Amino acid sequence: MALAGEIDISKVDEIVKELGTGPEQAIPILQRIQGEFRYLPPEALDRVCELTEITPSQLYGVATFYSQFRLKPVGKYIIKVCHGTACHVGGAVTITDTLEDELGIKTGGTTSDGLFTLESVACLGACSLAPIVVIEDETFGKLDPKKALQIVNDFREREQQGG
Ligand code: FES
């Protein structure tokens, strides 16, 4: 996991070189940085301000306004619990409550072992499978709290066996 101080800052230089330095590039630059580091490391944001015409207040304004951007490091697996209408009706709140209890974190938090980050997201476009949870690129549908727990525990076991 990329921790503060351990990032390859030259990636930021490459991204800015490719996308340009105008303030209108703030969102694409942030998206690319997050794609690279999985969150927005402060030193990467400082570097963007050095290299572009974007001021720190503009950049942090954009980074905090849009919920897609993360300002804190995330775990190896991001668990996204869908809270769109269909999933909400199907019991997403109970699934989130159960996972928060199991992982000992609140939504938005990361487990102390750095394995899981729990997020709440809007409709992911798979309503026929509601309620759903997405972990990295895998979608798990028609869940109940027990199945959701089982899935998280399967990921843990997979990890203990060496990923
Ligand atoms: S509401 Fe969850 S996938 Fe649409």
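(A) Here's a closer look at the overall build of the chain. Each helix and strand in the chain was counted, giving seven helices and four strands. Traced from its N-terminal end to its C-terminal end, the chain shows the element sequence α-α-α-α-β-α-α-β-β-β-α. Projecting the C-alpha coordinates of the chain onto the three principal axes gives extents of approximately 50 × 35 × 25 Å. For the chain, buried positions account for 25% of its 163 residues. Counting only contacts in the chain whose residues sit at least 6 apart along the sequence, the fraction spanning at least 24 positions is 63%.

(B) Looking closely at helix H1 (residues 10-19). Turning to H1, its buried residues are Val-12, Ile-15 and Val-16. The arc enclosing the buried residues of H1, seen along the axis, measures out at 95°, which places them on a common side. More than 90 degrees from the buried face of H1, the exposed residues found are Ser-10, Glu-14, Lys-17 and Glu-18. Each element contacted by the buried residues of H1 is listed here: helix H2 (26-37) and helix H3 (42-51).

(C) Layout of the domain arrangement of the chain. You can read the domains of the chain as domain 1 (10-65) and domain 2 (77-160). Each of domain 1 and domain 2 was reduced to a C-alpha centroid, and the two centroids are 29 Å apart.

(D) Broad picture of the nonpolar core. Ile-29, Ile-33, Leu-40, Ala-44 and Val-48 are the most contacted members of the largest nonpolar core, which totals 17 residues. The set of elements that each furnish at least two residues to this core consists of H1, H2, H3 and helix H4 (56-65). When residues of this core are assigned to their parent elements, the largest contribution, five residues, is made by H2. Residues in contact with Leu-40, not counting those within four places in the same chain, are Leu-30, Ile-33, Gln-34, Leu-45, Ala-63, Phe-69, Arg-70 and Leu-71. Of all hydrophobic cores here, the second largest spans 16 residues; its members include Cys-87, Ala-92, Ala-130 and Leu-143.

(E) Layout of the sheet that holds strand E1 (residues 77-82). Across the sheet, which stays open at both edges, the four strands sit in the order E2-E1-E3-E4 with mixed pairing between neighbours. In this open sheet, the two edge strands, each paired with only one partner strand, are strand E2 (116-121) and strand E4 (138-140). Strand-to-strand, the axes of this sheet are offset by a mean angle of 20°, without reference to chain direction. Sheet topology places E1 next to E2; six bridges connect them, and they run parallel. Bridge pairing links Val-81 to Ser-120 in E2. Packing of helix H7 (residues 145-160) onto the sheet brings it into contact with E1, strand E3 (133-135) and E4, and relative to E3 it is tilted by some 5°.

How each quantity is defined
Residues numbered from 1 in each chain as written. Predicted model: local features only at pLDDT ≥ 70, side-chain atom pairs only at ≥ 80, totals over all residues. Helix = DSSP H or I, 4+ residues; strand = E, 2+ residues; numbered from the N terminus. Buried ≥ 20, exposed ≤ 12 C-beta atoms within 10 Å, placed from the backbone. Contact = placed C-beta atoms within 7 Å. Arc of directions from axis to C-beta. Domains from an automatic or database assignment. Core = buried A, V, L, I, M, F, W, Y, C linked by C-beta atoms within 7 Å. Pairing = 2+ DSSP bridges. Axes fitted to C-alpha atoms, helices over the stretch in contact; angles between N-to-C directions.

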